[in-house]
Amino acid sequence: MIFIDKVKDVEEKIIEMRRHLHENPELSSQEFETQKYIMKKLDELGIPYEKVGTTSLVGHIKGAKPGKTVALRADIDALPIIEQSGASYSSKKEGVMHACGHDGHTAMLLGAARMLTDVKDEMPGEVRLLFQEAEETFSGAKKIVADGGMDGVDAVFGMHGMPIETGYYDMTPGYRMAGCDTIYVKFAGVSGHGSSPHLAKDTVLPAAEFVTQLNSMITKFVNSQSPVVLTVGKFVGGTKANIVSKYSKLDISMRYLEEETRMTIHQKLKDLAEGLAKIYDIEVDVDIEESTISLNNDEEIAAIADKAAIKVFGSDKNVNGPILMGSEDMPYYFQEAPGAYAMVGYLNKEKNTIYFPHHEKFNIDEDYLKLGAAYHAQFAWDYLNKND
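Everything numeric in this text was worked out from a predicted model, so none of it was measured.

Peer 1: Just checking my understanding: could you explain the side chain of Asp103 for this structure?
Peer 2: With respect to the helices and strands, Asp103 occurs in helix α4 (residues 102-118). Among residues more than four places away in sequence, those in contact with Asp103 are Arg18, Leu21, His22 and His98.

Peer 1: Hey, could you run me through the nonpolar core in this one?
Peer 2: Side chains of nonpolar character tend, in soluble globular proteins, to be buried together. Membership of the largest hydrophobic core comes to 69 residues, with the highest contact counts inside it found for Val127, Phe131, Phe157, Tyr375 and Phe379. Per-element accounting of this core gives the leading share, twelve residues, to helix α10 (residues 367-384). The contact partners of Phe379, leaving out residues within four places of it in the chain, are Val70, Leu72, Phe157, Ile301, Ile304, Ala305 and Ala308. In this structure, Val156, Val222, Ile293 and Met343 belong to the second largest nonpolar core, which totals 44 residues.

Peer 1: Honestly, the packing of helix α2 (residues 11-23) against helix α3 (residues 32-45) in this entry has me stumped. Any pointers?
Peer 2: Two packed helices can be described by the angle between their axes and the distance between those axes. Contact geometry of α2 with α3 gives a least axis separation of 11 Å together with a crossing angle of 160 degrees. Compared by their axis directions, α2 and α3 come out roughly antiparallel. Here the hand of the crossing between α2 and α3 comes out right-handed. Residues Lys13, Met17, His20 and Leu21 of α2 pack against Thr34, Tyr37 and Lys41 of α3. Taken together, the residues of the contact of α2 with α3 break down into three nonpolar, two polar and two charged.

Peer 1: So what exactly am I meant to see when it comes to the layout of surface pockets here?
Peer 2: Space left empty within the atom packing is revealed by a probe, the size of a water molecule, rolled over the atoms. Taken as a whole, the largest pocket spans an internal volume of roughly 280 Å³. Looking at the largest pocket, it is lined by 15 residues, and the ones nearest its centre are Cys100, His160, Met177, Ser327 and His358. Residues that form the lining of the largest pocket fall into these classes: eight nonpolar, four polar and three charged. Of the pockets and cavities examined, the second largest pocket occupies roughly 150 Å³. Lining of the second largest pocket is provided by Met162, Pro163, Ile164, Asp170, Arg176, Val319, Gly321, Pro322, Leu324, Tyr341, Met343 and Phe356. At the level of elements, β5 (155-165) and β15 (339-347) are the ones that each hand at least two residues to the lining of the second largest pocket. The greatest single-element share of the lining of the second largest pocket, amounting to three residues, is contributed by β5. Of the residues contributing to the lining of the second largest pocket, the split by class is nine nonpolar, one polar and two charged.

Peer 1: What am I meant to see in the packing of aromatic side chains here?
Peer 2: A ring pair, where both rings are aromatic, is described by two values, the distance of the centres and the angle of the planes. Enumeration over the complete set of coordinates arrives at ten aromatic pairs. Note on Phe3 and Trp381: the rings are 6.1 Å apart at their centroids and 65 degrees apart in plane angle, and the pair reads as edge-to-face. Remark: Trp381 occurs in helix α10 and Phe3 occurs in helix α1 (residues 3-6); sequence separation between them is 378 residues. For Phe3, a relative accessible area of 0% puts it in the buried group. Overall, the relative accessible area of 9% leaves Trp381 in the buried class. Judged by centre distance (4.5 Å) and plane angle (20 degrees), the rings of Phe157 and Phe379 are stacked. Taken together, the residues span a long stretch of sequence, with Phe157 in strand β5 and Phe379 in helix α10 at a distance of 222 residues.

Peer 1: Got a minute to help me understand the pattern of salt bridges in this structure?
Peer 2: If the charged atoms of two oppositely charged side chains come close together, the side chains can form a pair. Counted under the stated rule, the structure contains 23 salt bridges. With a shortest N-O distance of 2.7 Å, Lys351 and Asp365 are connected by a salt bridge. Taken together, the residues Lys351 in the loop between β15 and α10 and Asp365 in the loop between β15 and α10 connect sequence positions 14 residues apart. Note that Lys351 and Asp367 form a salt bridge whose closest N and O atoms lie 3.1 Å from each other. Pair noted here: Lys351 is in the loop between β15 and α10 and Asp367 is in helix α10, with a separation of 16 residues, a long-range link. According to the relative accessible area criterion, Asp367 is partly exposed, its value standing at 33%.

Peer 1: Would you mind going over the sheet that holds strand β13 (residues 283-292) with me for this structure?
Peer 2: Within a beta sheet, neighbouring strands are joined by backbone hydrogen bonds and run either parallel or antiparallel to one another. Reading across from one edge, β10-β12-β8-β13 is the order of the four strands in this open sheet, with antiparallel pairing throughout. Two strands lie at the open edges of the sheet, namely β10 (228-237) and β13, each paired on one side alone. On average, each strand axis in the sheet is tilted by 15 degrees relative to the strand beside it, whichever way the strands run. Relative to strand β12 (residues 247-256), β10 runs antiparallel, the two sharing nine bridges. Residue pairing for β12: Leu230 is matched across the bridge by Met254. Each of β8 (179-188), β10 and β12 touches helix α6 (residues 204-221); the most contacted strand, β10, lies at about 175 degrees to it. Contacting β8, β10, β12 and β13, helix α7 (residues 259-279) crosses the sheet at an angle of about 160 degrees to β13.

Each value, and the rule that gives it
Residues numbered from 1 in each chain as written. Predicted model: local features only at pLDDT ≥ 70, side-chain atom pairs only at ≥ 80, totals over all residues. Heavy atoms only, no water. Helix = DSSP H or I, 4+ residues; strand = E, 2+ residues; numbered from the N terminus. Contact = heavy atoms within 4.5 Å. Core = buried A, V, L, I, M, F, W, Y, C linked by side-chain atoms within 4.5 Å. Buried < 20%, exposed > 50% of the residue type's maximum accessible area, 1.4 Å probe, protein only. Axes fitted to C-alpha atoms, helices over the stretch in contact; angles between N-to-C directions. Parallel < 35°, antiparallel > 145°, perpendicular 65-115°, else oblique. Left-handed = near helix turned anticlockwise from the far one by under 90°. Nonpolar A, V, L, I, M, F, W, Y, C, P; charged D, E, K, R; others polar. 1 Å grid on protein atoms, 1.4 Å probe; cavity = no way out; pocket = protein on both sides within 12 Å on 5 of 7 lines; lining within 4 Å. Points joined across faces, edges and corners; volume = space filled by probe spheres on them. Phe/Tyr/Trp six-rings, centres within 6.5 Å; stacked < 30°, edge-to-face > 60°. Salt bridge = Lys/Arg side-chain N within 4 Å of Asp/Glu carboxyl O. Pairing = 2+ DSSP bridges.

Next comes the structure, spelled out in structure tokens:
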């Protein structure tokens, strides 16, 4: 079964759905109208589904023959961005925009669902459709898992549009995206008059020293082949020039790939903070919050996905790009079943679809939509029909 031939019949519908979703974006876990729209489209196709999480949906396309279950995932939420793309179908909601392409992801999965429904009498097993809320807050995947959306799934596949030239893709085994933690550090001392700092316990200086020593955590304690990124995004200390600062607070974003590296950095950050607190006779609290874990494509599933991609895109179209230090909540599905995550190109300079996700001028080359839809369907079909 070759779905790039079948997608021509549904391409116009995919574009129509994508534009509707683009005009009507909703923020994470507020996608109630988006959920209703997807339900309507699934009803039209006769695909049974259930609501899970807050606004997520899990659909089921069951083949006529027994077999395994493969899940396909699309995220559905938008971002708090004022759109400046200039598109005729720009957002109708001021300050909310599909600037990460989730409108396209949703439309492509709905297109794939239409094609797979047409061939379900020839299909073994089940295709599970995961329409996921709240990827942007890294909470949607965990909700679907918690509500049983991955129960009985044997493999899972997803994709993201990226500024790769249209007609090309990236499907590479191994680590592909970083995990992300947010680290909150709070130093607490004793306030006092700026003329008599020896009678107070300042927190700005130790907090500043903490920041300047952060990179040594990476260079001295972590294997240089294991990437880590530490970003101090927020530093707040003090209230007035002549008052010794009682409190100083830091918000730090940490990106990593390997769990061992992650744990090493956590411990060394705590050691550094506690050491500085002891030297300056103050107190410190370090709170680490997991945003999402790193994404690691399973080798076997990635190989199936690459072969499926060749049927859609053609040979020599896999760019095998670098690891991205951005993050996704897709890997929570990988804890339940082996999976792979593809990057698919939407970049077209002539159409000015050149911007990275989260940009106010973000838009996609809509020619990429048929490729993504066909890729979803092709992977599912190939996986369910593979001989173990």
